[in-house]
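Here are the chains, one letter per residue:
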Amino acid sequence: MSDHDLTWVERIQWRVHLLFRKMPIPVASGAGAVIGRMAMHWHLLNRRKWVQRFHANWRMLFGEASTREINKCLLRYGEYTGRTYGEYAVNERFFKSPYLRFTGLEHFENLPRPPILLTAHTGNYELAASCLAFNGTPVSTISDLSLATIDRRVAVESRKRCFAHAPGGHMIEAGPSTMRHVVEEMKHGRVIVVYCDEWKDGLLWGPALGRSVPMKGNRVLAAKLALKFNAPIVPTRIRRENGCRLHSIVEPPLYIPDRDSCSLDELAANIDAKVEAWVREDFDQWYWAPKLVMERQFPA
């Protein structure tokens, strides 16, 4: 893709991205934080409809709180999201840096076969698979690349730079042929990364958060793959601890073949419950929080 394929606005965005590429991690992250907080102040000042919905969702999920308290959460959300965007340019530099620490890597030991990595869009979600990729194990991710031209370009190039630390992984583009490619990866014993908080067709398909969500989406996909290929499911997430300092947390396996006996419905429910626990704990770090519409109906 050449610069001739971009609009003038996208060219500016691309040049800003290239500028961020030259920055150290703390500077890129900090610049993103400033931009994110400024943008959120603007949204609050203009009383955007989604801000009002966020307030309603907060009270529904966590109980009564003052407008000021919820706005503080929104400002943190703006800062954290801005940091994640800023870090896109330098994600591969978190490799062996003091800004990313790992716990729970022992949960990958003695598994009967390569696992399905269960994760969600929390913290710097682009580094969710770093627990394996930055430690030499290639991973394949299901990626929604139906993005604007410049966003797609930034995302693809950032992910390729991270994948370079463990050659052999692939980006599987979400679409009609996703399942075929995923099955091929599983047959060859590769690790599949599945984000189970999924935004699709204007609806948030997970976690349920008290809503009645049909048996569709990535949580069901992960459960089907685990049962079909006797693959363990290992939950992992990224938490933002302080500024650009990130914590990659690998939790004990949620499902291990021959140890756990459960139906598809039960396993999908367990996956959803795990993601919901993360979201409730780090609601201000959850990328999809502004998209949540608690009363929206799902198609039959």
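The shown structure was predicted, so the numbers you read here are calculated from the model rather than taken from an experiment.

> Give a description of the nonpolar core that names residues and reports values.
By size, the foremost hydrophobic cluster in this structure holds 48 residues, and its most contacted members are Ile116, Met186, Ile233, Ile271, Phe283 and Trp286. Elements with a contribution of two residues or more to this core: α2 (25-45), α3 (49-62), α4 (67-87), β2 (116-119), α7 (178-187), β5 (191-195), α8 (218-229) and α9 (264-281). If you tally residues by element for this core, the top one is α8, at seven residues. Every residue in contact with Ile271, bar those within four places of it in the chain, is listed here: Leu118, Cys196, Arg219, Ala222, Ala223, Ile233 and Leu254.

> An account of the side chain of Glu92 is needed here, citing residue identities and associated values.
Position of Glu92 relative to the elements: it lies in the loop between α4 and β1 (100-103). Looking at Glu92, the relative accessible area reads 13%, which means it is buried. Residues in contact with Glu92, not counting those within four places in the same chain, are Arg21, Phe134, Arg161, Cys162 and His165.

> A description of the pairing of β5 should follow, citing residues and the corresponding values.
In terms of residue burial, β5 counts as a mostly covered element, since five of its five residues are buried. Judged by which residues are buried, β5 turns out to be covered on both faces: Val191, Val193 and Tyr195 on one side and Ile192 and Val194 on the other are all buried. Sheet analysis places β2 next to β5, joined by four bridges and oriented parallel. Looking at β5, one finds that Ile116 is bridged to Ile192. As paired strands, strand β3 (residues 139-143) and β5 are joined by three bridges and run parallel to one another. Bridge assignment links Val139 to a residue of β5, and that residue is Val191.

> Explain the environment of Thr84 to me, and be specific about the residues and the numbers.
Position of Thr84 among the secondary structure elements: in helix α4. Relative accessible area serves as the criterion here: at 3%, Thr84 is assigned to the buried category. Along the primary structure Thr84 and Leu19 are separated by 65 residues, whereas in three dimensions their C-alpha atoms are 16 Å apart. With residues near it in sequence (within four places) discarded, Thr84 still touches Gly123, Asn124, Tyr125 and Arg240. Separated by 3.1 Å, the side chains of Thr84 and Arg240 make a polar contact.

> Describe the sheet that holds strand β8 (residues 233-242), with residues and values.
Across the sheet, seven strands lie side by side as β1-β9-β8-β2-β5-β3-β4; this open sheet has mixed pairing. Looking at the sheet topology across the chains shown, the edges are occupied by β1 and β4 (171-173). Looking at each pair of strands side by side, their axes are set apart by 25 degrees on average, direction ignored.

> Any chance you could break down α2 for me, citing the residues and the numbers?
The first and last C-alpha atoms of α2 sit 30 Å apart over 21 residues, in line with the 30 Å expected at 1.5 Å per residue. Among all positions in α2, only Ile25, Ala28, Ser29, Gly32, Ala33, Gly36, Met40, His43 and Leu44 are buried. Buried residues in α2, looked at end-on, bunch into an arc of 135 degrees, giving them a common side. In α2, those exposed residues whose orientation departs by more than 90 degrees from the buried face are Val34, Ile35, Met38 and Leu45. Looking at the buried side of α2, the elements it contacts are α1 (8-21), α3, α4 and β8. Once α2 ends, the next one or two residues include Arg47, with phi positive near 50 degrees.

About the thresholds
- Starting afresh in each chain, residues are numbered from 1 along the sequence in its written order.
- For a predicted model such as this one, the threshold for reporting local features is a pLDDT of at least 70, and the threshold for listing and counting side-chain atom pairs is 80 or more; totals across whole chains, interfaces and linings nevertheless cover every residue.
- For side-chain calculations, the full set of non-hydrogen atoms in the structure is used, while hydrogens and water are omitted.
- Definition used in this section: a nonpolar core is a set of buried Ala, Val, Leu, Ile, Met, Phe, Trp, Tyr and Cys residues joined via side-chain atoms within 4.5 Å.
- Relative accessibility thresholds used throughout: buried, under 20% of the residue-type maximum; exposed, over 50%; partly exposed, between the two (1.4 Å probe, protein chains only).
- Helix and strand assignments follow DSSP, with helices taken as H or I runs no shorter than four residues and strands as E runs no shorter than two, numbered in order from the N terminus.
- By the convention used here, residues are in contact when the closest approach between their heavy atoms is within 4.5 Å.
- A pair of strands is labelled paired if DSSP reports no fewer than 2 bridges between them.
- Definition of a polar contact: a pair of N or O atoms within 3.5 Å, with one able to donate and the other able to accept a hydrogen when the atoms are protein atoms, and with sequence-neighbouring residues admitted only if both atoms are side-chain atoms.
- Between N-to-C directions, angles span 0 to 180 degrees; the directions come from axes that are lines fitted to C-alpha atoms, helices contributing only their stretch in contact.
- Take the number of residues in a helix, subtract one, and multiply by 1.5 Å to get its expected span.
- This arc is taken over the directions from the axis of the helix to the C-beta atoms.

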